[in-house]
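# Topology and contacts: notes
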Amino acid sequence: MECSHVNDSVKIGPQLIRTIRTEKSSHWTCSVCRSSKSSWICLRCGAINCGRYVNAHAKAHHEKNSHHCLCLDQSLAAFCYSCDEFIINDNKSGDIQKIREMILEHQNSPRKRKIQADDECKHHGKSRKHPEVDQENVGRVKQLPGLRNLGNTCFMNAILQSLSNIQPFSCYFKDLPAFELRSENSLKKMPYFTRSRKPDEGCLVEELRKVLCALWQGGGVSHSPDSLFHVVWKVVPRFRGYQQQDAHEFMHYLLDRVHTELILSQKACFGKETIVTGIFGGILQSEVTCLTCMTESKTQDPFLDLSLEIPPAYQTRKGKSKENPCKIQDCMTHFAELENLAESELYMCPNCNLKQKSTKKFWIKRLPNVLCLQLKRFRFQSFLRTKLETYVQFPMRGLDMSPYVLQDKDARKPILYDLAAVVVHHGSGVSAGHYTTFACHDGSWYNFNDSSVTRTDEDHVLKCKGYIFFYTRRQPNMSVIEKLRGQNPICR
């Protein structure tokens, strides 16, 4: 929410600076009870006290000093005790963001930091543990801008850099005039997480357009996507704060919201198609067969991406040997193969009128122009969400999707895709770690690591443990895209 107390309650004074330079946020302890659980720093005097859900000494500090109502938690999210809510705005001088940067700079100071754990998100510098991030033999690229990390926002930066380098998608937004969502009478069509939209929540399409334009203007100056992030905070409450989030979930929420806003504009769509479905939209067909009477039931569902399980034979920490690595085609085959449904998933056969044992198989009815594949690297095990570190081999060129498409076998032709971008998760857990992106720009490969952009080579890309893959179709279906380009987008 927007806070009216920012101007009076934030002060970068000597005491606050001294605290930041002597105490790391990961080691903050309450000045009263010495608890290290959820310790918050006052943005007026630098006092560190435990949060309201521990012993509430930070709240007590505010009650004794009414102007000391703003503080940062250990994830660098700003909270106002007067408003009793996390806030997203800053003062005109940007003091809250300056304090965040001071804290991050202190945490990453080479004179004071120890070797960080594998699952720590590194906003600046390079990881010793992950060669995917280190670029020893290539220089910094000045002409491509990075994205500033706003406090554990690498998950967002990785997705935005991937979308920026998918040319049909980014070019559409580059050519789109300034966009304003005017239609307020179709909220029932909105997804469940956007139905509470208010007029002051902002337009995600417009903020995404600005970011994509800034990235394609080049110049090597890092862009700060704070306006887009603040709109995301407003329309998707689960992303509020500065905790690490899952890049795949963010991509889904972002594309769904953009698709909905374009539909509501009534001029930036073609029927129910938008640039989102025109680029990423495909159709998946599932076939369920009753094993008693052999009745088949077919259903078709749209998709924007496919989530692939790593086959159980490869689900070890390091996977199989280098001589027999898991391939992304193995994951796709495992996804599409005939499956015997478990006893808990008995199929209600319309012919037998009984729940019967059955089989299920997936086919792709229609392939998208950009195929997005996500590997299910995170799983629940003994009430913990762990990560599969299996290396999955993937092709840079010529991924053939024809074996998984519903078509006449005799007339089957290769349907080839080439890699455009791959998002990599470094670390051991979904709520921690760090995201980077490899993407192809004008025929060359680059590593996008927040503000840092470095040129790399294909061999380096092929060694990464990919999480999300973006493949572009060699012979795309441009009919919907051309129709969309022919529309007159709503503009201010």
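Structure: see above.
My aim in this report is to walk through the structure given alongside it, one point at a time. All values reported here derive from a predicted model rather than from experimental measurement.

### Focus on the overall build of the protein chain
Helix and strand content of the protein chain: 13 helices and 23 strands. For the protein chain, with 492 residues in total, the buried portion stands at 53%. Sequence separation of at least 24 residues holds for 68% of the intrachain contacts in the protein chain that already meet a minimum separation of 6. Accessible surface, the protein chain as shown: approximately 23700 Å² in total, 48% of it carbon and sulfur.

### Brief notes about the packing of helix H7 (residues 204-217) against helix H8 (residues 226-235)
As a packed pair, H7 and H8 sit with axes 9 Å apart at the nearest point and diverge in direction by 155°. Judged by the angle between their axes, H7 and H8 are roughly antiparallel. Remark: the crossing between H7 and H8 carries left-handed chirality. Where H7 abuts H8, its residues Leu204, Glu207, Leu208 and Val211 lie against Ser227, Leu228, Val231 and Val232.

### Some thoughts on the environment of Cys69
Of note, Cys69 is situated in the loop between helix H3 (57-64) and strand E3 (70-72). Excluding anything up to four places from it in sequence, Cys69 contacts His5, Ser9, His62, Phe79, Cys80, Tyr81 and Ser82.

### Notes on the nonpolar core
Counting 63 residues, the largest nonpolar core has Ile159, Phe169, Phe173, Val258, Ile275, Phe280 and Phe470 as its most contacted members. Contact partners of Ile159, with chain neighbours within four places excluded, come to Ala247, Phe250, Met251, Leu254, Val423 and Ile468. Listed in part, the 36 residues of the second largest apolar core include Cys326, Cys331, Val422 and Cys464.

### A word on the pattern of salt bridges
A complete count under the given rule lists 10 salt bridges for this structure. A salt bridge links Glu261 to Arg257; its shortest N-O distance comes to 2.7 Å. Taken as a pair, Glu261 and Arg257 lie in helix H9 (residues 247-265) at a separation of 4 residues, close to a single helical turn. A network of salt bridges, in which partner residues are shared, links Glu206, Glu207, Arg209 and Lys210.

### Observations concerning the packing of aromatic side chains
Applying the stated criterion across every chain, the model contains 16 aromatic pairs. Between Phe79 and Tyr81, the ring centres sit 5.0 Å apart and the planes meet at 75°, which makes this aromatic pair edge-to-face. Phe79 gets classed as buried once you look at its relative accessible area, which sits at 5%. Relative to Tyr467, the ring of Phe378 has its centre 5.5 Å away and its plane inclined at 80°; by these criteria the two rings are edge-to-face. Within this pair, whereas Phe378 is found in strand E15 (residues 378-381), its partner Tyr467 is found in strand E23 (residues 466-473), the two being separated by 89 residues in sequence. Of the residues examined, Phe378 reaches a relative accessible area of 11% and is grouped as buried. Since its relative accessible area comes to 2%, Tyr467 is described here as buried. The side chain of Arg238 reaches across the aromatic face of Phe239, ending 5.5 Å from its centre. Above the plane of the ring of Trp363 lies Lys361, whose end atom (NZ or CZ) is 4.6 Å from the centre.

### What about the sheet that holds strand E13 (residues 358-366)?
One open sheet holds the 4 strands; their spatial order is E7-E6-E13-E10, and the pairing between them is antiparallel. Looking along the sheet, the strands with just one partner apiece sit at the ends: strand E7 (296-303) and strand E10 (339-340). Looking at chain direction, strand E6 (residues 282-290) and E7 are connected through 8 bridges and run antiparallel. Bridge pairing in E7 links Gly282 to Phe303.

### A short note on the side chain of Ser358
Along the polypeptide, Ser358 turns up in strand E13. According to the relative accessible area criterion, Ser358 is buried, its value standing at 2%. Contact partners of Ser358, with chain neighbours within four places excluded, come to Val288, Thr289, Cys290, Leu291, Glu339, Asn340, Leu341 and Tyr347.

### Quick notes on the side chain of Arg377
Within the fold, Arg377 resides in the loop between strand E14 (370-375) and E15. Buried Arg377, no salt bridge; nearest opposite-charge side chain is Glu389, N-O distance 5.6 Å. Here Gly466 takes part through its backbone oxygen, which lies 2.9 Å from a polar atom of the side chain of Arg377.

### Notes on helix H11 (residues 328-336)
Listed as buried for H11 are Ile328, Cys331, Met332, Phe335 and Ala336. Viewed end-on, H11 has its buried residues packed into an arc of 125°, placing them on one side of the element.

### Side note on the state of the cysteines
The final tally for this structure, using the stated rule, is 0 disulfides. Cys42 takes part in no disulfide bond, and the closest cysteine sulfur to it belongs to Cys45, at a distance of 3.7 Å. Residue classification places Cys42 among the buried positions, given a relative accessible area of 4%. The cysteine Cys80 is free of any disulfide, with Cys83 supplying the nearest cysteine sulfur at 3.6 Å.

### Concerning the environment of Ile87
You can see Ile87 is positioned in strand E5 (residues 85-87). The class for Ile87 is buried, based on a relative accessible area of 1%. With 84 residues separating them along the chain, Ile87 and Cys3 place their C-alpha atoms 6.1 Å apart.

### Regarding the pairing of strand E22 (residues 452-456)
With 4 of 5 residues buried, E22 lies mostly within the body of the structure. In this antiparallel pair of consecutive strands, strand E21 (residues 444-449) and E22, the connection spans 2 residues, and Asp450 shows a positive phi of 55°.

### A look at the environment of Met294
Within the fold, Met294 resides in the loop between E6 and E7. For Met294, a relative accessible area of 51% translates into the label exposed. Between the C-alpha atoms of Met294 and Ser358, which are 64 residues apart in sequence, the distance is 8.6 Å.

Conventions used here
- Residues numbered from 1 in each chain as written.
- Predicted model: local features only at pLDDT ≥ 70, side-chain atom pairs only at ≥ 80, totals over all residues.
- Heavy atoms only, no water.
- Helix = DSSP H or I, 4+ residues; strand = E, 2+ residues; numbered from the N terminus.
- Buried < 20%, exposed > 50% of the residue type's maximum accessible area, 1.4 Å probe, protein only.
- Contact = heavy atoms within 4.5 Å.
- Areas by Shrake-Rupley, 256 points an atom, 1.4 Å probe, with all protein chains shown as cover.
- Axes fitted to C-alpha atoms, helices over the stretch in contact; angles between N-to-C directions.
- Parallel < 35°, antiparallel > 145°, perpendicular 65-115°, else oblique.
- Left-handed = near helix turned anticlockwise from the far one by under 90°.
- Core = buried A, V, L, I, M, F, W, Y, C linked by side-chain atoms within 4.5 Å.
- Salt bridge = Lys/Arg side-chain N within 4 Å of Asp/Glu carboxyl O.
- Phe/Tyr/Trp six-rings, centres within 6.5 Å; stacked < 30°, edge-to-face > 60°.
- Lys NZ or Arg CZ within 6 Å of the ring centre and 35° of its normal.
- Pairing = 2+ DSSP bridges.
- Lys, Arg positive; Asp, Glu negative; His and termini not counted.
- Polar contact = N/O pair within 3.5 Å; in protein donor to acceptor, adjacent residues only side chain to side chain.
- Arc of directions from axis to C-beta.
- Disulfide = S-S within 2.5 Å.

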